[in-house]
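Residue-level structure breakdown
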Amino acid sequence: MIPHVSRLLELWRIAAHYRLDTLIPASELPPQARHAMRIIRLHPAAWASRELKNPLKLKEALETMGPLAIKMGQLLSTRRDLIPPEVLEQLVLLQDRVKPFDVQLAKKRVETSLKADLNVLFARFDEQPLAAASIAQVHTAALHDGREVVVKITRPDIRQQILQDFEILTWLGQKLETRLEAARALHLNEIIQDYRQVILNELDLTLEADNTRRMRHNFMGSSMMYVPEVYMDSPDVMVAERITGVPISDTTTFDRLGMDRAQLAEKGLTIFFTQVFRDNFFHADMHPGNVFVETLNPENPRFIGLDCAIMGELSKHDQMTVARMLLAVMNSNFMQLIQIVHQAGWIPPGTDQDALAREMRRTVGPMVSKPMDQLDFAGILLQVMDIARRFHLEIPPQLMLLLKTLVHVEGLGTDLYPQLDIWKLAKPILTEWVKQSMNPVKNLKEMGQQIPDLLLGAQDFPTLMIDSLNGLKNQSAWQAKQHKELQLLRLEMQQQQQRNWLFSMFILILLTISIISPWFIGVICLILASFAILFRANI
């Protein structure tokens, strides 16, 4: 059964009201998209709409649809290579220019959440929002000691809508997994559930505050990135240090200040690989509204890490697998790539690995020697997903957040410095990380650090042994008892079968006598047979 039909009808009405069917000419759309556009036009709201020439109709439509639609727009806003300029201009506004909620409600939310009067908390609170996005909006303020801060406040009453939308997505994901092999290979529904938890975590600003503190610790004293300090936090409000910088997309300012955009792009990519491999804690929502650059020192600018609500982590095994896969691609060693994927357990038994290696070489090979402006990472990713579908590969859901982040990173890098050679930069970083991770001296040192825990645990070893032996003894006694009960049950069933057979024969004899004997004897036999059946039924 389709969940939340009323919500689906509302989304249809919004799409029709804003005439989203007119965004892109039908001739430029694939057949499935043209069908969707025809469905939009069938709604009565499309007939009376006056939004046909509204230059911001897509932005306003996604705002009206809610947080998930805005998130989708933010992701697409980094893809200048895929989105027409007139559409992209609207999507960029979703990064930090979403319609704000009422300032009086914002003030009340701060006081309730931080349990203090606004005048006690701040020397100044600016009513005009600095920025507004899908989950929260930001106001500038000042503490009583003079420190300038930003106050992030979550939007009220959006949780229920998010839950409804994810129930619809779950239903859709289940349908797609039933019908499409590619959706099953991607574990689409697991991805949807993981992303559901990610978005719900965004609603709790104490989690973002903890992530920000952790990221700040990882880059403390770094010349590459600065992470603002968090001063106060609660589930609905976070107060943090105000920074001075411009969005990563503001290339005009970089050129005016004489910044080396190539150096800045290299620094950004180094930060990404550092987060993924050194720290295993990476920013997974890197749209331009969340990535800023300092302007105080144009000769050696730092990135500024903001909005650490959506963060990603990989297991040690997945970290090593991803690093080795990337190095195999950079070295154009596609048989090694397939062996790594096979060792990771992503390839089902019986797969033609030579054919798979040829497909990966054909698809991924040409991109290794190209600069970023000639790469179509999103298109290559779709081709790889198609290969995964045809060869029945199992792609772990935890890697999808990393792939989403890579799409963001490539989009940002393409804008900042299109000629960046990401492979030349990434190869030494990955090689060094793999060497360090596989360094036997380091591994022995880590084992040595675990010795005190092992020695402390050894004190409990005799007790654990006795408990285990007692457990085995009790289990053996239980199994013996179960075996005896099964034997008795089997004997009882055999006896029951014998009784059933004897009873059937007795009834059969009585019926035979009733047929071949005089009538009065037959009646007596039938009466006896009836009583016997009734008696048997009541036992």
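Residues numbered from 1 in each chain as written. Predicted model: local features only at pLDDT ≥ 70, side-chain atom pairs only at ≥ 80, totals over all residues. Heavy atoms only, no water.

Topic: the sheet that holds strand β10 (residues 291-294)
- Sheet architecture is open: 4 strands sit in the order β5-β11-β10-β8, paired in mixed fashion. Lying at the two open borders of the sheet, with one neighbouring strand each, are β5 (225-226) and β8 (245-247).
- Summarising the sheet, β5 and strand β11 (residues 303-305) pair through 2 bridges and their orientation is parallel. Paired with Met 225 across the strands is Phe 303, a residue of β11.
- Sheet strands in contact with helix α14 (residues 261-279) are β5, β10 and β11, and its direction is about 35 degrees off that of β11. (Pairing = 2+ DSSP bridges. Helix = DSSP H or I, 4+ residues; strand = E, 2+ residues; numbered from the N terminus. Contact = heavy atoms within 4.5 Å. Axes fitted to C-alpha atoms, helices over the stretch in contact; angles between N-to-C directions.)

A few points about the packing of helix α15 (residues 316-330) against helix α20 (residues 422-437)
- The N-to-C vectors of α15 and α20 enclose an angle of 135 degrees; their axes lie 10 Å apart at closest approach. Relative to α20, the element α15 lies oblique. Here the hand of the crossing between α15 and α20 comes out left-handed. Facing Gln 319, Met 320, Ala 323, Leu 326, Leu 327 and Met 330 of α15, the residues of α20 in contact are Trp 423, Ala 426, Lys 427, Leu 430, Thr 431, Trp 433, Val 434 and Ser 437.
- For the contact of α15 with α20, the per-class residue count stands at 10 nonpolar, 3 polar and 1 charged. (Parallel < 35°, antiparallel > 145°, perpendicular 65-115°, else oblique. Left-handed = near helix turned anticlockwise from the far one by under 90°. Nonpolar A, V, L, I, M, F, W, Y, C, P; charged D, E, K, R; others polar.)

Some details on the pairing of β10
- Both faces of β10 are covered, namely the face carrying Val 291 and Val 293 and the face carrying Phe 292 and Glu 294.
- As paired strands, β10 and β11 are joined by 3 bridges and run antiparallel to one another. By the bridge assignment, Val 293 is partnered in β11 with Phe 303. (Buried < 20%, exposed > 50% of the residue type's maximum accessible area, 1.4 Å probe, protein only.)

Notes on the pattern of salt bridges
- Per the stated rule, a full pass over the model turns up 22 salt bridges.
- In this structure, Asp 279 engages Arg 278 in a salt bridge whose closest nitrogen and oxygen atoms are separated by 2.6 Å.
- Look at the salt bridges and you will find they share partners, linking Arg 124, Asp 126, Glu 148 and Arg 242 into a network. (Salt bridge = Lys/Arg side-chain N within 4 Å of Asp/Glu carboxyl O.)

Thoughts on the environment of Thr 212
- Relative to the helices and strands, Thr 212 is located in helix α12 (residues 205-218).
- In this structure Thr 212 comes out as buried when scored by relative accessible area, which is 6%.
- Residues Thr 212 and Leu 306, 94 residues apart in the sequence, show an inter-C-alpha distance of 7.9 Å.
- Contacts of Thr 212, omitting those with residues within four sequence positions, involve Val 227, Pro 228, Val 230 and Cys 308.

Structural notes on the confidence of the model for the protein
- The pLDDT averaged across the protein works out to 81; a share of 76% of its residues lies at or above 70.
- Mean pLDDT across the elements of the protein bottoms out in helix α21 (residues 440-458) (55) and peaks in strand β7 (residues 237-241) (97). (pLDDT = per-residue confidence, 0-100.)

Digging into α14
- With 19 residues, α14 extends 25 Å between its outermost C-alpha atoms, agreeing within 8% with the 27 Å of an ideal straight helix rising 1.5 Å per residue.
- Buried residues dominate α14, accounting for 15 of its 19 residues.
- Regarding α14, its N-cap is Asp 260, as a side-chain oxygen of that residue lies 3.1 Å from the backbone nitrogen of Ala 262 further along.
- Of the residues trailing α14, Asn 280 is marked for its positive phi of about 50 degrees. (Expected span 1.5 Å × (residues − 1). Polar contact = N/O pair within 3.5 Å; in protein donor to acceptor, adjacent residues only side chain to side chain.)

Observations regarding the side chain of Thr 140
- Summarising the element assignment, Thr 140 is placed in strand β3 (residues 136-142).
- At a separation of 2.5 Å, a polar atom in the side chain of Thr 140 contacts the side chain of Asp 126.
- Sequence-distant contacts of Thr 140, that is, excluding residues within four places in its chain, are made with Phe 125, Asp 126, Leu 130, Val 149, Val 150 and Arg 242.

Things to note about the pairing of β3
- Of all 7 residues making up β3, 7 are buried, and the element is well covered by its neighbours.
- Residues of β3 alternate between two faces, with Ala 136, Val 138, Thr 140 and Ala 142 on one and Gln 137, His 139 and Ala 141 on the opposite face, all of them buried.
- Both strand β1 (residues 124-125) and β3 contribute to a ladder of 2 bridges, which runs antiparallel. What sits directly across from Phe 125, in β3, is Ala 141.
- Relative to β3, strand β2 (residues 131-132) runs antiparallel, the two sharing 2 bridges. When the sheet's bridge partners are listed, Ala 131 is paired in β3 with Val 138.

Focus on the packing of aromatic side chains
- Applying the stated criterion across every chain yields a total of 5 aromatic pairs.
- Chaining the aromatic ring pairs together yields one cluster made of Phe 272, Phe 273, Phe 277 and Trp 433.
- One cation-aromatic arrangement involves Arg 147 over Tyr 231; the distance from NZ or CZ to the ring centre is 4.4 Å.
- The lysine or arginine in question, Arg 278, covers the ring of Phe 219, its NZ or CZ lying 5.2 Å from the ring centre. (Phe/Tyr/Trp six-rings, centres within 6.5 Å; stacked < 30°, edge-to-face > 60°. Lys NZ or Arg CZ within 6 Å of the ring centre and 35° of its normal.)

Some remarks on a nonpolar patch on the surface
- Residues Ile 2, Val 5, Leu 8 and Leu 9 make up a contiguous nonpolar surface patch of about 300 Å² in total accessible area.
- Within the element layout of this structure, Leu 8 appears in helix α1 (residues 5-17).
- With relative accessibility at 30%, the residue Leu 8 sits in the partly exposed group. (Patch = residues over 30% accessible without salt bridge, like charges linked within 9 Å, V, L, I, M, F, W, Y side chains within 5 Å. Areas by Shrake-Rupley, 256 points an atom, 1.4 Å probe, with all protein chains shown as cover.)

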